[in-house]
Amino acid sequence: MKKTDICIVGAGPGGAATALKLAYANQSCVLLDKATFPRDKICGDALSGKVSTVLNRLDPEIMNRFRAQPQVGMWGFKFTSPNGKEMHFDFTPEDLAEEDYPSAPGYVATRLVFDNFLIEEVKRHDCIDLQEGVQISEYKKIPEGYLLKDKSGNFSIQTKVLIIANGAHSAFSRKHAGLEKDNRHHAGGLRVYYKNVANLEGQPAIELHYFKELVPGYLWIFPLPNNGANVGLGMRTDMISDRKFNMRKALEELVATHPRLKDRFKNAEITDTVKGYGLPLGSKKRILSGDHYMLVGDAGHLIDPLTGEGIGNAIYSGTIAADQAVDCLKAEKYDAKFMRAYDARIQRVLGTELKASYLMQRIMLYPRIVNFLTNRVENNKFVMDFLNKIYADSTTEWHKQLWRPGFWWRVVTGN
Ligand SMILES: Cc1cc2nc3c(=O)[nH]c(=O)nc-3n(C[C@H](O)[C@H](O)[C@H](O)COP(=O)(O)OP(=O)(O)OC[C@H]3O[C@@H](n4cnc5c(N)ncnc54)[C@H](O)[C@@H]3O)c2cc1C
């Protein structure tokens, strides 16, 4: 049986970022994943400004190396309201710290590429003991921490600090940490890869299409290298069941028949089957730590409830968990009370933003209000800049504005 101070279960963006942050702090760890990389993960594949910001903080060379991978830099986004009004937003890196944005603020890269890229970064550090093909199926609390066993029965490990980063279907998160799935704070998403979707030329931008029948969810078209595109849709799980909504049928019908999309998909080819997966949303505050453990990324239900963005929050929470793990080892304290510092920092860094996104998600429930606001903001530079920041860089303080009456006055009056 192996023994370690820190064991991370799951080597997706959350787990890999945790291990990298530890490595940059000269702290060794064991990183386990059931998969062997490269592996796919069902996703929209959009990497927001938060991903670049956090990885740049770790080491600017990481993003420099990432730019050599197959990816498309995103310089803006297009938003189509339920009444068909289209708005274009250019990300404005000149508003943002230049050292953080030597290149595009956001990217789209398949998870096959991005997650494997992070694993290659992990492999640069001897102090990370990466073990692929190890599926943890048993977690036993012992006085020293946790004892983990894998499904085959050939692998076991004892750890003082356990970091759970094994995604949306984490059994530990459900059974040991008590984070139950709540359909009002959970979404379902479908993804399909296409080639040759029309009108993707020009400055690459992510596209968010809002339709009356999908709100507060949306259909996305995200450009990929070689004329590819990630196309999908996401919707809150309670609404999928209340409306008995067939997501697959809706996706097929929208691209084949909707006047806004059908011509663009006329000559497009599907290059992979339609696949679905769950999104545990961060719209409900939950406790993410306990005696000897912390939950990171999707295992901690940290996906943005408005945009569905979870990679940035997985990476961010991973770096915070790494700091907390180092503090635990220094203080030799691992009890739930000491671990609460992790929750406090997550709340400080992501809490207000998640709350703001949930407010916006609920506003999006009303297509008429969305249409009204879209009409009001079209020529309103203040609001256009604000919306830019939501999608380009959510590490800024943009979200605080939503609670200021003056903000809504400027939205409605345009002054
Ligand atoms: C349809 C859809 C579209 C999305 N679009 C976007 C988007 O465009 N942009 C964005 O930012 N986010 C998006 N998200 C959310 C994003 O995919 C997740 O938030 C992100 O993958 C979370 O990273 P993670 O590291 O927490 O978990 P994951 O990426 O799920 O990684 C978990 C890892 O744990 C491993 N694992 C699981 N169980 C075990 C076990 N028992 N033992 C060992 N290893 C295990 C898995 O193999 C996996 O490698 C989307 C999600 C969906 C479903």
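Above this text is the structure in question.
Rules and cut-offs
Position numbers for residues start from 1 in each chain and track the written sequence from start to end. Only residues with pLDDT of at least 70 are given local features in this predicted model, and only at 80 or more are side-chain atom pairs given and counted; all residues enter the totals for whole chains, interfaces and linings. Calculation of side-chain values draws on the structure's entire complement of heavy atoms; hydrogens and water are dropped beforehand. A simple rule labels every residue: compare its accessible area, found with a 1.4 Å probe on the protein chains alone, to the largest value its type can have, and call it buried under 20%, exposed over 50%, or partly exposed in between. Labels follow the DSSP assignment, with helices taken as runs of H or I lasting at least four residues and strands as runs of E lasting at least two, numbered in each case from the N terminus. In short, DSSP must find at least two bridges between two strands for them to pair. Residue proximity to a molecule or strand is established when one non-hydrogen atom of the residue lies within 4 Å of it. We define a polar contact as two N or O atoms separated by no more than 3.5 Å, with the added condition that, inside protein, one atom must be a possible hydrogen donor and the other a possible acceptor, whereas residues neighbouring each other in sequence contribute only through side-chain atom pairs. In these tables, accessible area is a Shrake-Rupley quantity obtained with a 1.4 Å probe, and a residue counts as shielded only by the protein chains included in the view. Ten residue types, Ala, Val, Leu, Ile, Met, Phe, Trp, Tyr, Cys and Pro, are classed as nonpolar, four, Asp, Glu, Lys and Arg, as charged, and the remainder, Gly among them, as polar. Two rings from Phe, Tyr or Trp (for Trp, the six-membered ring) form a pair when their centres sit within 6.5 Å of each other. Planes less than 30 degrees apart are called stacked, planes more than 60 degrees apart edge-to-face, and all others tilted. We call a charge positioned above a ring when the Lys NZ or Arg CZ atom is no farther than 6 Å from the ring centre and deviates by at most 35 degrees from the ring normal.

(A) Representation of the pairing of strand β15 (residues 228-236) within the structure. For β15, the tally of buried residues reaches nine of nine residues, placing the bulk of the element in the interior. Burial of the side chains of β15 extends over both faces: G228, N230, G232, G234 and R236 are buried on one face and A229, V231, L233 and M235 on the other. Sheet topology places strand β12 (residues 186-195) next to β15; nine bridges connect them, and they run antiparallel. Bridging from a neighbouring strand, A187 pairs with R236 of β15. Note that strand β14 (residues 218-224) and β15 share seven bridges and pair antiparallel. Bridged to W220 within β15 is G232. In textbook terms, the turn of a hairpin is the stretch between consecutive antiparallel strands, and for β14 and β15 this stretch comprises three residues, one of which, N226, has a positive phi near 55°.

(B) A look at the site of the ligand. The immediate surroundings of the ligand are formed by 38 residues, with G14, D33, G44, A46 and D298 found nearest. For the ligand, an oxygen atom lies 3.3 Å from a polar atom in the backbone of P13. Residue I311 places a main-chain N or O atom 3.0 Å away from an oxygen atom belonging to the ligand. Against a free-state accessible area of 1,000 Å², the protein chains account for coverage of 94% of the ligand. Of all elements in the fold, only α1 (13-24), β12, β14, β17 (275-280) and α9 (311-331) reach the threshold of two or more residues within the shell around the ligand. Residue contributions to the shell around the ligand peak at three residues, all from β17. Looking at side-chain class alone, the shell around the ligand contains 18 nonpolar, 12 polar and eight charged residues.

(C) Fine view of unusual backbone geometry. Residue P38 is reached from F37 by a cis peptide bond, and omega for that bond is 0°. Tracing the sequence through the fold places P38 in the loop between β2 (29-33) and β3 (46-47). Notably, N227 is not glycine yet its phi reads approximately 60°, a positive angle. Counting through the fold element by element, N227 comes out in the loop between β14 and β15. With phi around 70°, H292 is a residue other than glycine that occupies positive phi space.

(D) Representation of the sheet that holds strand β4 (residues 72-74) in the model. Spatially, β3-β7-β4 is the arrangement adopted by the three strands of the open sheet, whose pairing is antiparallel. The sheet is open, and its two borders are formed by β3 and β4, each paired with just one other strand.

(E) Just the packing of aromatic side chains, in detail. Counted according to the given criterion, the structure contains 12 aromatic pairs. Measuring from ring centre to ring centre gives 5.0 Å for F172 and Y293, while their planes differ by 75°; the resulting arrangement is edge-to-face. Placement of F172 in helix α5 (residues 171-175) and of Y293 in strand β19 (residues 293-295) is noted, with a sequence separation of 121 residues between them. Cluster of aromatic residues (ring-pair linked, three or more members): F79, Y210, Y218, W220 and F222. When the ring centre of Y146 is taken as reference, the NZ or CZ atom of K141 above it lies at 5.6 Å. Geometry around Y358 places R362 over its ring, the cationic atom sitting 4.0 Å from the centre.

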